[in-house]
Structures are given as structure tokens and as C-alpha cells.
Amino acid sequence: VSGPLGLGRGGGQEFDRLRAIFARLGAGAIGLGDDCALIPVGATTLAVSIDCSLEGVHFRTDWLTFEEIGWRAAAAALSDLAADGAEPLGVLVSLGMPGSGERGAEIMAGVSAATQSVGAKVLGGDLVRSEKYLVDVCVLGTAERPVRRVGARDGDGVWVTGRLGGAGLALGGFRAGARPGGALGARYARPEPRIAAGRWLAAHGATAMLDISDGLAADAGHLAAASGVGLEIALERLPCWAGVAPLAAAGSGEEFELLVTLPASFKEAPDFELTRIGTCFRGGGVRLLEGNTPVALPAGYDHFAP
Ligand SMILES: [Mg+2]
């Protein structure tokens, strides 16, 4: 059984902070712990999420253009709509900028491009002067059949969209002073939120889903804790970016691909890359296997790790 609000017991300092906040909010909050807040409105469900990108934590101005900074912040936020199978309506953006704020139009051009790429619009926002660049993006969408982190069952298949490890490989390149270009650079600078895949999976029986922001292994743990099942994942089945080893791919964060569980009987073929990587079992936690040998889990990203 998962802990309160689906966070389980693990997850390090960041999750300790979240649990303390949830405990303090008590009955003043509802439905916390998923990728989106899901609010029934009439015959549909409104999906809402907010995602903050901060200079020095999420991006560096010497690695990315300001348009790329805006694209990336919006894509990261939109990815949470994808994770719930929602269709985007639009975004609201609070922008913090140092100096005279002359980069705002470039940042918002990037936000708008990412938003338009999934058929949505910029709906509003706010500007503030700040010491560092800050792009705080609130996304709004609707979900006919919202898919949460809760819902995976014993025997369900575990699947992942796309190929993993490119974002981590590109990040390593930037850290080493290179400027990765082409498809690899784009994995970091212009990630694509998997909106169409999320909607397709929701319509084809997905039982639980989230987007890979902390790394496959860590996010698999979040899904396992929320659903109250264990996830067994075969490393040799992982679809990896060229030149990335499976264990590195399993630890690579900000991939913005979708990790999804589907009934054992699922066998439809979508028009996007979708790979079965494992199975849900009765129990808890994540088992990474190399052949038949368990492998230690790579750590996920923790904002408050000491
Ligand atoms: Mg998410």
C-alpha cells in the first residue's frame, strides 16, 4: 500500500518536503501528488499543472538561447498534461527577469512556439524583476479519460515512449563545454511534450501514466508507490539513444517521454515509438534486471538533497 497521497515512503528530501506540506494542508487540499490537478467541470475534466524553471537550476543562459529557454520551460510544463492524457488549451506564464527585462519577448516567443506545436495558445501571465531568470508556466487542458499515477495492476505491462538517454547525453555535452547540435542538442534544448502519445494511450486503456522527469528508474518508483504495485523492468528491453548504455538511460532525467502501464492483453500498434520494458507485480518498488540479475537503481534528481 502506498503512503498518503501516493507519494510512498521513499523519494529523498524533496519528497519529505512534499509530505510535510501535504500534512500541513490537510483537508485544505485535495488530489495532490499527480502530474496534474484534475477538476471535473460539467461533462469534462480540467487538467491543470504548474512547473517552474529557474536559471542555474533548470537552465543556463550560456547553454541555451532565450527562445530555447522559453520552449524548454513550456515543454516541461506541457509534458505533465501529456502524462495525464490531456489535450492542451493554453498556458499562463509568470516571468522573472533581471535588469531591464529586454529578453522577455524572446523567452515568450519560445514559450509560444512550444505551445503552438501542441495546438494551444498563450492565455496570459505576469512580469516581475528578479535576480535570476525565472519562467513559471501554468498549463491548462482537458481530459476525456484522465490517466493518473494510481491505477496500475498486478500483471499490467510496463511500456515507454520514444528513446531514453538523449537528454542526459546532451546535458553531459553541455557540461563538458561542447554545444551538442542536431537531434541530440534538441533533446535538451527543444524537448517535445508527448501530447499525442498521451492522448492515444489514454484512449487505448492506459491504467497509469507519468512523464519521465526524474529518470525512468525514479519515476517508475513514483508510479509503483502511487499504484501500490511493484514494477519489474528489463534493462535489455530499454529503447536507448544511440551511444547510451541502458543503465545510463534508466537514470537520465528530463527525457519527457511517457512511462505507462497497459493491460496484459494490449497489442495495438501506435504511430509513435512504444516499447514494452516490463511487468507490474504484486508488491512494491522497482526491480531493474540485467538478464536475471537485479541491478542497483540509479538515483533520481532531488532538489533538496544535501
Ligand atoms: Mg510529471
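Note: the structure precedes this text.
This one's a predicted model, so the numbers in the text were calculated from it and none came from an experiment.

## Side note on the pairing of strand β3 (residues 87–97)
Move 1: In the sheet, β3 pairs with strand β5 (residues 134–143) via 9 bridges, with the strands oriented antiparallel. Pairing of Glu87 across the sheet is with Thr142, part of β5.
Move 2: As defined by bridge partners, β3 adjoins strand β4 (residues 121–129) across 8 bridges and the pair is classed as parallel. Paired with Gly90 across the two strands is Lys121, which belongs to β4.

## A few points about the packing of helix α2 (residues 66–83) against helix α3 (residues 104–116)
Move 1: One way to put it is that α2 packs onto α3 with a least axis distance of 6 Å and a crossing angle of 40 degrees. Comparing their axes, α3 and α2 come out oblique. The element α2 and its partner α3 pack so that their crossing is right-handed. The residues of α3 that touch α2, namely those facing Phe66, Glu67, Gly70, Trp71, Ala74, Ala75 and Leu78, are Glu106, Ile107, Ala109, Gly110, Val111, Ala113, Ala114 and Thr115.
Move 2: Here the residues of the contact of α2 with α3 are counted per class, giving 10 nonpolar, 3 polar and 2 charged.

## Points about the coordination of the magnesium ion
Move 1: Only Asp35 (OD), Asp80 (OD) and Asp211 (OD) from the protein coordinate the magnesium ion, and they sit 2.0 Å from it.
Move 2: In terms of primary sequence, the donors binding the magnesium ion are separated according to D-x44-D-x130-D. Taken as a pair, Asp35 in the loop between α1 (12–25) and β1 (37–41) and Asp211 in strand β7 (residues 208–211) lie far apart in primary sequence, 176 residues in all.
Move 3: Of the residues examined, Asp35 reaches a relative accessible area of 6% and is grouped as buried.

## Notes on the packing of helix α4 (residues 166–175) against helix α5 (residues 182–189)
Move 1: Across the interface, α4 lies against α5 with an axial gap of 8 Å and an inter-helix angle of 95 degrees. Relative to α5, α4 is oriented roughly perpendicular. Between α4 and α5, the residues in contact are Gly166, Ala167, Leu169, Ala170, Leu171 and Phe174 and Leu184, Arg187 and Tyr188, respectively.
Move 2: Residue composition of the contact of α4 with α5, grouped by class: 7 nonpolar, 1 polar and 1 charged.

## Focus: the nonpolar core
Move 1: Of all hydrophobic cores here, the largest spans 49 residues; its most connected members are Val135 and Leu201.
Move 2: Going through the elements one at a time, α2, β3, α3, β5, α4, α5, α6 (195–203) and β9 (258–262) are the ones with two or more residues in this core.
Move 3: Ranked by the residues each element gives to this core, the list is headed by α2, at 11 residues.
Move 4: With residues near it in sequence (within four places) discarded, Leu201 still touches Thr161, Ala206, Met209, Leu258, Val260, Leu262, Phe272 and Leu274.
Move 5: Among the nonpolar cores identified, the runner-up in size contains 26 residues, and Ile212, Leu223, Ile233 and Cys280 belong to it.

## Remarks on the sheet that holds β9
Move 1: Read across the open sheet, the 7 strands follow the order β7-β9-β6-β10-β8-β11-β12; overall the sheet is mixed. Edge positions in the open sheet fall to β7 and β12 (293–295), since each of these has one partner strand only. Geometrically, the sheet is characterised by an average inter-axis angle of 30 degrees between neighbouring strands, direction not taken into account.
Move 2: Pairing of β7 with β9, which is carried by 4 bridges, proceeds in the antiparallel orientation. The residue of β9 that forms the bridge with Asp211 is Leu258.
Move 3: Packed onto the sheet, α6 meets β6 (157–161), β7, β9 and β10 (274–281) and runs at close to 10 degrees relative to β9.
Move 4: Along the sheet, helix α7 (residues 216–227) contacts β7, β8 (230–234), β9, β10 and β11 (285–290); its crossing angle with β7, the most-contacted strand, is approximately 145 degrees.

## Some thoughts on the sheet that holds β4
Move 1: Strand order in the open sheet made by the 5 strands is β1-β2-β5-β3-β4, with mixed pairing throughout. Each edge of the sheet is formed by a strand with only one pairing partner; in this case those strands are β1 and β4. If you compare each strand with its neighbour and ignore which way they point, the axes differ by 20 degrees on average.
Move 2: Pairing of strand β2 (residues 44–54) with β5 involves 10 bridges; the strand directions are antiparallel. Paired with Thr45 across the strands is Ala143, a residue of β5.
Move 3: On the sheet, α3 packs against β3, β4 and β5 and is oriented at approximately 165 degrees with respect to β3.

About the cut-offs
Residue positions are counted from 1 within each chain, in the order its sequence is given. Only residues with pLDDT of at least 70 get local features here, since the model is predicted, and only at 80 or more are side-chain atom pairs given and counted; chain-wide, interface and lining totals rely on the full set of residues. Water and hydrogen atoms play no part in the side-chain values, which are based on all heavy atoms of the structure. A pair of strands is treated as paired once DSSP finds two or more bridges between them. Secondary structure is summarised from DSSP: a helix means a run of H or I of at least four residues, a strand means a run of E of at least two, and numbering begins at the N terminus for each. Inter-axis angles, ranging from 0 to 180 degrees, are taken between N-to-C directions of lines fitted to C-alpha atoms, where helices are fitted over the stretch in contact. In what follows, roughly perpendicular refers to angles from 65 to 115 degrees, roughly parallel to angles under 35, roughly antiparallel to angles over 145, and oblique to any angle outside these ranges. Note: crossing handedness is left-handed where the near helix turns anticlockwise from the far helix by less than a right angle, and right-handed where it turns clockwise. What makes two residues a contact is simply this: any of their non-hydrogen atoms within 4.5 Å. Here the nonpolar group is Ala, Val, Leu, Ile, Met, Phe, Trp, Tyr, Cys and Pro; Asp, Glu, Lys and Arg are the charged ones; every other residue, Gly included, is treated as polar. Only nitrogen, oxygen and sulfur atoms count as donors, using a 2.8 Å cut-off from the metal that widens to 3.2 Å for Na, K and Ca. Water is left out, so coordination shells may look unfilled. Throughout, exposure labels follow a simple rule: accessible area from a 1.4 Å probe, protein chains only, divided by the maximum for the residue type, with under 20% read as buried, over 50% as exposed, and the rest as partly exposed. Among buried residues, those of type Ala, Val, Leu, Ile, Met, Phe, Trp, Tyr and Cys that are joined through side-chain atoms within 4.5 Å constitute a nonpolar core.

What is shown is where atoms sit, not what they do.
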